[in-house]
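Next come the chains, spelled out residue by residue.
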Amino acid sequence: MPSSFPLKLPSNEDDGQSPTNNNTTTTSTTTTIALTTNKNDADLESPPSPPPNQDTGTEANGNSHVHNNDNNNDDDQDQKDYPHDRDPFFAFIPQLIGFGTGILGDELYIAKKAAVAAPSWTVKFVKDTFEFYKQDPHLFMSEVISGFTVAIMQIPESIAFSFIAGVPPLSGLHSTFWMALITGIFGGKPGMISGIAGALAVVLVDLSADDGVLTYLDKKQRLDVMFVTVFFSGVAQILFAWLRLGKLVRLIPETGMIGFMNGLAIIIFLAQLPAFMKCEEYPLFVDCKVDERRYLNFVDDTWVLILSLVHIAICMTIMKFYPMLPNIGKFPIKRVLPASLVSLLVGTLIEHTLFRRAFGVETRTVAQTAQLKGSLPEFYWPAIPNDSKTINTVITYALTLAAIGGVESVLTLEACNEITDTVPKVSDSNQELFAQGLGNLVCGMFGAVGGDAMIGQSTINIMNGARHRVSSTMSGIFMLLFVVLLSPFIELLPIPTLTGVLFMVVLSTFQWKTFVILRYGRLSDSATILIVTLIAVFFNLAIAILAGIVFSALVHSWDSGCHVSADIQMKKVLVDGEECKVKYVHVRGAIFFSSARRFVNMFSVSDDPEIVVIDLKDALVIDHSAGCCHSGYYSSV
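Residues numbered from 1 in each chain as written. Predicted model: local features only at pLDDT ≥ 70, side-chain atom pairs only at ≥ 80, totals over all residues. Heavy atoms only, no water.

Looking at this structure, I do not really get the overall build of the chain. What am I missing?
Within the chain, the regular secondary structure consists of 21 helices and eleven strands. Burial analysis of the chain (637 residues in total) assigns 45% to the buried set. (Helix = DSSP H or I, 4+ residues; strand = E, 2+ residues; numbered from the N terminus. Buried < 20%, exposed > 50% of the residue type's maximum accessible area, 1.4 Å probe, protein only.)

So this is what it looks like as structure tokens:
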């Protein structure tokens with residue numbers, strides 16, 4: 001097949017007549033084939049004539065001739081298309097080093113500017129904050145009370161997740177304090193709450209369990225390795241923030257977010273089931289192993305179970321209808337006393353005045369669940385074995401915890417933005433990753449197990465009307481006060497009342513539009529929601545959202561490969577004064593690995609004419625598979 005030829009396709013007006021004087025008839029047929037294509041400008045004009053100063057040679061007899069070698073023409077054309085020589089094979093290495101050095105220099109410059117401006121910015125921020133809340137003291141009070149309420153709600157979950165992770169309850173409570181305080185100050189979403197989380201606890205238990213990955217170490221050494229792992233997971237999350245990986249959240253489809261929210265709702269619901277359990281072998285419920293616990297039943301625990309359900313019903317009723325009550329005069333009582341706090345106060349009052357005194361029946365309280373009173377966090381840097389197996393375990397689990405915590409925190413930020421109708425920004429995600437990393441780093445140095453953003457408590461805080469950093473920061477401070485000073489009051493809270501508040505969180509977190517999508521939506525969308533939801537419940541949220549992204553990408557690739565077309569015309573045209581048959585293929589769409597086979601099937605080496613014109617001006621060549629299709633067809637011809 002010639003590399004170039006003077007070719008003129010007849011226009012639409014001339015399709016029935018040859019442009020020559022002999023009135024030769026031109027045949028034209030058009031077919032449509034589904035295929036993929038690439039985006040390159042291609043025209044069917046004749047190649048330009050040689051320049052006037054084309055190199056010529058002179059023979060000895062004085063006669064001149066033109067060097068008309070096809071290979072030379074091809075070389076000249078290649079030099080025009082590729083005016084620069086190819087770089088050496090390993091030239092990318094110094095280029096990559098230079099690129100990385102430039103980025104590092106920019107980051108150091110930004111860090112230097114931030115360090116210089118930090119003192120003045122901090123002073124200005126404090127002054128502006130003081131003036132802001134001075135103008136609206138009721139807003140400040142509502143933020144503080146919301147933080148107080150959220151801190152109370154975090155106590156049972158912090159204790160439960162500590163038990164799951166295999167650490168003392170005090171370690172989990174300290175984790176919640178550090179995470180809430182640090183992310184409340186530096187986090188990317190004001191009002192978002194962080195603390196010890198179940199998604200991380202189920203991973204950490206592999207490090208602390210007697211039958212885990214560190215069976216060759218004793219209990220204290222295993223906990224030391226766990227704290228070091230948490231420290232380096234914080235370092236990894238700070239590195240994620242520096243690499244701006246928060247932008248990857250844009251890859252998450254909407255159906256993946258729906259599945260994520262549904263999975264969170266189910267996980268929160270399942271975490272409340274221990275409220276319907278009892279333990280008769282030990283004075284504290286947390287001391288019971290899982291196989292030693294028993295569910296309450298209507299035969300042996302009739303009144304306890306009934307009163308627990310009454311607690312939940314009263315709490316959920318207050319949470320539902322209290323925000324609908326009118327204000328008392330000009331005093332914004334609903335801002336100062338949120339629904340969740342009112343439900344906790346009412347439940348505690350009913351438990352200790354009506355149930356226990358009138359009926360003589362008691363439900364389990366915080367005091368009967370775990371010991372709450374403790375001490376201030378103390379700096380602790382553990383010494384761990386320096387053998388290769390332990391180091392590999394630390395690195396592997398640190399990266400795993402960083403990935404799970406980072407994904408869950410960024411997705412929780414996105415979920416909070418949806419609840420508050422806030423326009424998300426990529427910088428918020430990176431800032432949240434930095435705050436989460438800093439919190440885990442500090443936790444590792446104080447004998448705590450770290451954590452991440454908590455959708456349940458964040459939802460409660462937002463439902464209370466909190467929108468600023470005071471609420472999330474104060475939740476951490478109140479948590480420490482509960483541990484050190486206020487434990488006698490918190491221990492009076494009945495567990496079923498806390499469960500009722502979290503049941504309302506479950507109802508508000510679950511995406512009820514899921515059932516509409518399952519009934520009327522695309523099959524692929526429904527499958528994505530179910531895949532993410534089920535994997536989130538049975539494995540963890542990070543793996544679930546990754547599976548949703550992969551599945552959605554595969555579906556998109558398949559659909560894109562199927563929705564491509566091309567117009568194929570067989571025409572007779574003049575080539576070097578001779579009439580020849582030409583196959584003209586006008587491709588529309590994207591040519592990549594999914595549609596490469598469809599593109600190849602447009603051609604037949606045995607049946608196609610000598611001249612085939614492929615018009616790619618409305619096409620897009622995406623990957624190497626598309627390039628192989630073109631080169632493979634040309635080489636076969």
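After presenting the structure, the write-up continues.
Looking at this structure, I do not really get the pattern of salt bridges. What am I missing?
It is possible for side chains bearing opposite charge to pair when their charged atoms get close. Applying the stated criterion across every chain, the model contains eleven salt bridges. Between Lys220 and Asp224 there is a salt bridge, with the nearest N and O atoms lying 3.2 Å from each other. Taken together, the residues Lys220 and Asp224, both in helix H6 (residues 219-242) and four residues apart, mark about one turn of the helix. The partner of Lys513 in a salt bridge is Glu254, with the nearest N and O atoms 4.0 Å apart. Placement of the pair is Lys513 in the loop between helix H16 (495-509) and helix H17 (514-520) and Glu254 in helix H7 (residues 254-271), with a sequence separation of 259 residues. Owing to a relative accessible area of 41%, Lys513 belongs among the partly exposed residues under this scheme. Judged by relative accessible area, Glu254 falls into the partly exposed class, the value being 43%. Through salt bridges with shared partners, one network takes in Lys278, Glu280 and Asp301. (Salt bridge = Lys/Arg side-chain N within 4 Å of Asp/Glu carboxyl O.)

Could you clarify how one ought to interpret the environment of Met445 in this entry?
Examined against the element boundaries, Met445 turns out to sit in helix H12 (residues 426-445). Spatially, the C-alpha atom of Met445 lies 5.4 Å from that of Tyr380, the residues being 65 residues apart in sequence. Residue contacts for Met445: discarding those within four places in its chain leaves Phe231, Glu378, Phe379, Tyr380 and Trp381. (Contact = heavy atoms within 4.5 Å.)

Please explain the confidence of the model for the chain as it appears in this structure.
Interpreting fine coordinate detail is not advised for predicted regions of low pLDDT. On average, residues of the chain score 80 in pLDDT, and 83% of them are at 70 or above. The low-confidence segment residues 1-69 (pLDDT under 50) makes 138 contacts with residues lying over four places distant or belonging to another chain. (pLDDT = per-residue confidence, 0-100.)

Help me understand empty space enclosed by the protein in this model?
One simple way to see leftover space: roll a probe sized like a water molecule over the atoms. With the rule as written, the count across this model stands at two cavities of 30 Å³ or more. Taken as a whole, the largest cavity spans an internal volume of roughly 160 Å³. Residue assignment for the lining of the largest cavity shows that the elements contributing at least two residues are helix H3 (137-165), helix H5 (198-208), H7 and helix H13 (455-463). Top element by residues in the lining of the largest cavity is H7. It accounts for four residues. Grouping the constituent residues of the lining of the largest cavity by class yields eleven nonpolar, three polar and two charged. (1 Å grid on protein atoms, 1.4 Å probe; cavity = no way out; pocket = protein on both sides within 12 Å on 5 of 7 lines; lining within 4 Å. Points joined across faces, edges and corners; volume = space filled by probe spheres on them. Nonpolar A, V, L, I, M, F, W, Y, C, P; charged D, E, K, R; others polar.)

Sorry, what's going on with the side chain of Thr369 here?
By the secondary structure assignment, Thr369 is in the loop between helix H10 (339-359) and helix H11 (388-420). On the basis of relative accessible area, Thr369 is assigned to the buried category, the value being 11%. Within polar-contact distance, the side chain of Thr369 engages the backbone oxygen of Thr365 at 2.8 Å. In this view, Thr369 contacts Leu284, Phe285, Val286, Arg364 and Ile495; residues no more than four positions away in its chain are not counted. (Polar contact = N/O pair within 3.5 Å; in protein donor to acceptor, adjacent residues only side chain to side chain.)

Can you walk me through the layout of surface pockets in this structure?
Approximately 1,300 Å³ is the volume found for the second largest pocket. Contributing to the lining of the second largest pocket are 35 residues, with Trp121, Ile185, Phe186, Gln431 and Phe434 lying nearest its centre. Looking at the lining of the second largest pocket, the elements with two or more residues in it are helix H2 (92-135), helix H4 (169-186), H6, H12 and helix H14 (469-484). Looking at the lining of the second largest pocket, the element that brings in the most residues is H2, giving 17 residues. Counted by class, the lining of the second largest pocket contains 23 nonpolar, eight polar and four charged residues.

Even after reading the chapter, I still don't get the packing of H10 against H16, so can you show me in this structure?
Two quantities define a packed helix pair, namely the angle between the helix axes and the distance between the axes. Packing of H10 against H16 leaves a shortest axis separation of 9 Å and a crossing angle of 155 degrees. By the criterion of interaxial angle, the relationship of H10 to H16 is roughly antiparallel. As for how H10 packs across H16, the hand of that crossing is right-handed. Of H16, the residues touching H10 (which contributes Ser340, Ser343, Leu344 and Gly347) are Thr497, Leu498 and Val501. Across the contact of H10 with H16, the residue classes tally to three nonpolar, four polar and no charged. (Axes fitted to C-alpha atoms, helices over the stretch in contact; angles between N-to-C directions. Parallel < 35°, antiparallel > 145°, perpendicular 65-115°, else oblique. Left-handed = near helix turned anticlockwise from the far one by under 90°.)

What am I meant to see in unusual backbone geometry here?
Trans peptide bonds make up the majority, and among non-glycine residues the majority have a negative phi. In this structure, Arg244 takes a positive phi of about 60 degrees despite not being glycine. One can find Arg244 in the loop between H6 and H7. Taking the relative accessible area as the measure of exposure, Arg244 reaches 31% and is therefore partly exposed.

Hey, could you run me through H4 in this one?
With 18 residues, H4 should cover 26 Å at 1.5 Å per step; its first-to-last C-alpha distance of 26 Å lies within 8% of that length. Of all 18 residues that make up H4, 14 are buried, and the element is covered over most of its length. (Expected span 1.5 Å × (residues − 1).)

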